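Residue-level structure breakdown
So the chains spell out like this:
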Amino acid sequence: MSLNEAMIAMAVIAIVTMIVVPVIKYSSKVTEYKAAYQRSLNTLNNAYYEYLQGGMDKGNDTGTSVTKVNDPAYIGTTVDGVSMTTSAAIVDNIFKKHINRLPLETSDNVPFPGCTGVKFYSADGMRYCVNYSTCVANENYADKTCGEIWVDVNGVKGPNYISKSANHIGDIYPIVIMKDRFVPGSTSNSEASTFAQNLYFGLVK
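Let us look at the structure shown here.

**A short note on the side chain of glutamate 148**
With respect to the helices and strands, glutamate 148 occurs in strand β8 (residues 145-152). A polar contact of 2.8 Å, which involves the side chain of glutamate 148, links it to the side chain of serine 186. Dropping the residues within four chain positions of it, glutamate 148 is found in contact with Cys129, Val130, Asn131, Ile175, Val176, Ile177, Ser186 and Thr187.

**Remarks on the nonpolar core**
One broad rule of soluble globular proteins: the nonpolar side chains tend to lie buried together. Judged by nonpolar contacts, the single largest core of 30 residues is most densely connected at Tyr37, Ile149, Val151, Tyr173, Ile175 and Phe182. Elements that contribute at least two residues to this core include exactly α1 (3-53), α2 (87-98), β7 (127-136), β8, β9 (172-178) and α3 (191-200). The greatest single-element share of this core, amounting to 9 residues, is contributed by α1. Apart from residues no more than four positions distant in its own chain, tyrosine 173 is found in contact with Tyr33, Tyr37, Ile149, Trp150, Val151, Val153, Ser163, Phe195, Ala196 and Leu199. Judged by nonpolar contacts, the second largest core, of 6 residues, contains Phe112, Cys129, Trp150 and Ile172.

**Some points on the pattern of salt bridges**
On inspection of all chains with the given rule, the structure shows 2 salt bridges. Here lysine 29 and glutamate 32 are joined by a salt bridge, their closest N and O atoms 3.9 Å apart. Linking lysine 29 with glutamate 32, this pair stays in helix α1, spanning 3 residues, or about one helical turn. With relative accessibility at 30%, the residue lysine 29 sits in the partly exposed group. For glutamate 32, a relative accessible area of 32% gives the class partly exposed. Between aspartate 152 and arginine 127 there is a salt bridge; the shortest N-O distance is 2.8 Å. Pair noted here: aspartate 152 is in strand β8 and arginine 127 is in strand β7, with a separation of 25 residues, a long-range link. Across the pair, arginine 127 and aspartate 152 agree in class, each one buried.

**A few points about the state of the cysteines**
A full pass over the atoms with the stated rule returns 1 disulfide. Two residues, cysteine 115 and cysteine 129, share a disulfide whose sulfurs are 2.0 Å apart. Torsion about the S-S bond of the cysteine 115 and cysteine 129 cystine: about 80°, corresponding to right-handed handedness. Pair noted here: cysteine 115 is in the loop between β5 (101-103) and β6 (118-122) and cysteine 129 is in strand β7, with a separation of 14 residues, a long-range link.

**Some thoughts on the packing of aromatic side chains**
In total, this model carries 5 aromatic pairs according to the counting rule given. A centroid spacing of 5.4 Å and a plane angle of 15° characterise the contact between phenylalanine 120 and tyrosine 128, whose relative ring orientation is stacked. With a relative accessible area of 3%, phenylalanine 120 lands in the buried category. Relative accessible area serves as the criterion here: at 3%, tyrosine 128 is assigned to the buried category.

**Let's talk about unusual backbone geometry**
In this structure, the amide linkage connecting glycine 158 to the following residue, proline 159, adopts the cis form with an omega of 10°. With respect to the helices and strands, the residue proline 159 is situated in the loop between β8 and β9. A positive phi is found at asparagine 160, a non-glycine position, where the angle reads about 55°. Here asparagine 160 shows up in the loop between β8 and β9.

Analysis parameters
Residues numbered from 1 in each chain as written. Predicted model: local features only at pLDDT ≥ 70, side-chain atom pairs only at ≥ 80, totals over all residues. Heavy atoms only, no water. Helix = DSSP H or I, 4+ residues; strand = E, 2+ residues; numbered from the N terminus. Polar contact = N/O pair within 3.5 Å; in protein donor to acceptor, adjacent residues only side chain to side chain. Contact = heavy atoms within 4.5 Å. Core = buried A, V, L, I, M, F, W, Y, C linked by side-chain atoms within 4.5 Å. Buried < 20%, exposed > 50% of the residue type's maximum accessible area, 1.4 Å probe, protein only. Salt bridge = Lys/Arg side-chain N within 4 Å of Asp/Glu carboxyl O. Disulfide = S-S within 2.5 Å. Phe/Tyr/Trp six-rings, centres within 6.5 Å; stacked < 30°, edge-to-face > 60°.

Interpretation in functional terms is not warranted from these geometric data alone.
Here it is as structure tokens:
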């Protein structure tokens, strides 16, 4: 092989590497973030299930069955003397009882876009931010939505920005709070919501 041929071969290899390496890195990030996002939602929904199981109907002194106070269907009412005016009371109880959470230090200055509420770490290193709101009808969902949660699927590790598209893939994703479950997406019909749903259901490659 002549010197010119060797140089051409090296140039071709360099070009192929420049094309292939970013693709591999992107695919790796998609796989990592999707798995973590799915794991987060599974953790939250399992916690919700455990919470509801702990609030089954119980009998009063006369033997009459009374409503279970943990039932999210009663948000916005007062049941057995327990105020259920917002989703915050229920979600707080779910987290306290069934999620091993660690509070973020007040000195934690790592960026957390989308977060305006209560922040904490889970035991697996993810960061969560719960943005509560009252339960209202939402045209993007079949049932009322009661706020949203933002999850940073790899904790303080970068890039620490919201994923919006295949060209803007970050590590922060929205989760909708509903009366009986958590679902992928945001309460708003945004790019971040659509991308999160597509990632969760395996539509992002």
